[in-house]
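# Analysis of the macromolecular model
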Amino acid sequence: MAETIITTQRLLLRTEADSDEDIWNAHINTPNIRKYLGGLETPENIRAAFDRVKESQTQNGFSFWFLEERSSGDLLGCCGLKLVDTEHAPEEIHGMVEIGWILREEVWGQGYAGEAARASLQYGFTQGAAEQIVALTSESNIPSWKMMESLGMVRHNAWEFHDPDFPDSDNPTLVYAITRQQWNDIKKS
């Protein structure tokens, strides 16, 4: 049974439901969506990722939550928080709280990613007690880093790194960050 962690105006950010894996394979594990994420995933890799999400929720009290549209009950993707565990990341950010999102292509541009990301940042700075939250992307993934900037995140060139798990076109990995103070200042304005 899925547990709702956060409710927004249009979304439930929740743990895994029984049908999520099949829906993910059919609607989210697509070439266009996975373009900047290392390509299509095997069903086994998706299951392993879902298991890591569950483990993160259990161990840390946060994870990449599944996004359910409240009005339809449709799985739209995921958004949430995890600890930076990419082995190629610089030591300065390894273990920091990281925000990320991925959505079904048919809902791109409808504001769901921003709505979920703002709720996740709020959760991370309050429930998760993070002092700073980072986000990782590539220079070629323009919609991703534009979203980061719209959230008030700032690019940190000194933390950029090469990740051999991704093609050269998706390197270097860009790192954006926002502190709790910066987030609070944005909320006040």
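All figures in this text were calculated on a predicted structure; none of them were measured in a lab. (Residues numbered from 1 in each chain as written. Predicted model: local features only at pLDDT ≥ 70, side-chain atom pairs only at ≥ 80, totals over all residues. Heavy atoms only, no water.)

For the rest of this paragraph, the subject is the overall build of the protein. Within the protein, the secondary structure is distributed over 5 helices and 8 strands. Seen in sequence order, the protein has helices and strands lined up from the N terminus as β-β-α-α-β-β-β-α-β-α-β-β-α. Radius of gyration (C-alpha) of the protein: 16 Å, near the 16 Å computed for a compact globule of 189 residues. Summarising its shape, the C-alpha atoms of the protein cover approximately 40 × 40 × 35 Å along the three principal directions. Residue burial in the protein is summarised as follows: out of 189 residues, 47% are buried. Partitioning the contacts of the protein with sequence separation of at least 6, the portion at a separation of at least 24 is 60%. (Helix = DSSP H or I, 4+ residues; strand = E, 2+ residues; numbered from the N terminus. Rg over C-alpha atoms; globule rule 2.2 N^0.38 Å. Buried < 20%, exposed > 50% of the residue type's maximum accessible area, 1.4 Å probe, protein only. Contact = heavy atoms within 4.5 Å.)

A separate point is helix α2 (residues 43–60). Relative to the 26 Å expected for 18 residues at 1.5 Å per residue, α2 spans 25 Å between its end C-alpha atoms, a close match to the ideal helical length. When we look at burial in α2, the residues that qualify are Ile46, Phe50, Val53, Ser56 and Gln57. Angularly, the buried residues of α2 cover 115° about the axis, an arc narrow enough to put them on a single face. For α2, exposure combined with an orientation more than 90 degrees from the buried face picks out Glu44, Arg52, Thr58 and Gln59. On its buried face, α2 sits against β1 (4–7), α1 (20–27), β3 (64–69) and β4 (75–83). One or two positions beyond α2, positive phi appears at Gly61, with a value near 80°. (Expected span 1.5 Å × (residues − 1). Arc of directions from axis to C-beta.)

Quick look at the layout of surface pockets now. Taken as a whole, the second largest pocket holds about 180 Å³ of empty space. Lining the second largest pocket are 13 residues, and of these Thr15, Glu16, Val53, Lys54 and Gln57 lie nearest its centre. Elements with a contribution of two residues or more to the lining of the second largest pocket: α2 and β3. Broken down by element, the residue count for the lining of the second largest pocket peaks at 5 residues, all from α2. Each residue belonging to the lining of the second largest pocket can be placed in one class, and the counts come to 5 nonpolar, 4 polar and 4 charged. (1 Å grid on protein atoms, 1.4 Å probe; cavity = no way out; pocket = protein on both sides within 12 Å on 5 of 7 lines; lining within 4 Å. Points joined across faces, edges and corners; volume = space filled by probe spheres on them. Nonpolar A, V, L, I, M, F, W, Y, C, P; charged D, E, K, R; others polar.)

Turning next to the packing of α1 against α2. Where α1 contacts α2, the axes come no closer than 11 Å and their chain directions differ by 130°. As judged from the angle between their axes, α1 and α2 are oblique. In this structure, α1 crosses over α2, and the sense of that crossing is right-handed. In contact with Asp20, Glu21, Trp24 and Asn25 of α1, α2 contributes Pro43, Ile46, Arg47 and Phe50. Grouping the amino acids of the contact of α1 with α2 by side-chain chemistry returns 4 nonpolar, 1 polar and 3 charged. (Axes fitted to C-alpha atoms, helices over the stretch in contact; angles between N-to-C directions. Parallel < 35°, antiparallel > 145°, perpendicular 65-115°, else oblique. Left-handed = near helix turned anticlockwise from the far one by under 90°.)

This next bit is on helix α4 (residues 142–150). Within α4, burial applies to Ser144, Trp145, Met147 and Met148. Summarising the axial view, the buried residues of α4 lie within an arc of 150°, below the 170-degree limit, and thus occupy one face. Facing away from the buried surface of α4 by more than 90 degrees, the exposed residues are Pro143 and Ser150. At its buried positions, α4 is contacted by β5 (97–103), α3 (112–126), β6 (132–138) and β8 (173–179). Count one or two residues on from α4 and you reach Gly152, which has phi positive near 95°.

What follows covers the pattern of salt bridges. Evaluated as defined, the whole model comprises 13 salt bridges. In this structure, the salt-bridge partner of Arg14 is Asp20, at a minimum N-O distance of 2.7 Å. In this pair, the class of Arg14 matches that of Asp20, namely buried. One salt bridge connects Glu68 with Arg14, and the closest N-O pair in it is separated by 2.6 Å. (Salt bridge = Lys/Arg side-chain N within 4 Å of Asp/Glu carboxyl O.)

Another aspect to go through is unusual backbone geometry. In this model, Asn171 is joined to Pro172 through a cis peptide bond whose omega is 5°. The topology assignment puts Pro172 in the loop between β7 (154–155) and β8.

Purely geometric stuff here, so don't read any function into it on its own.
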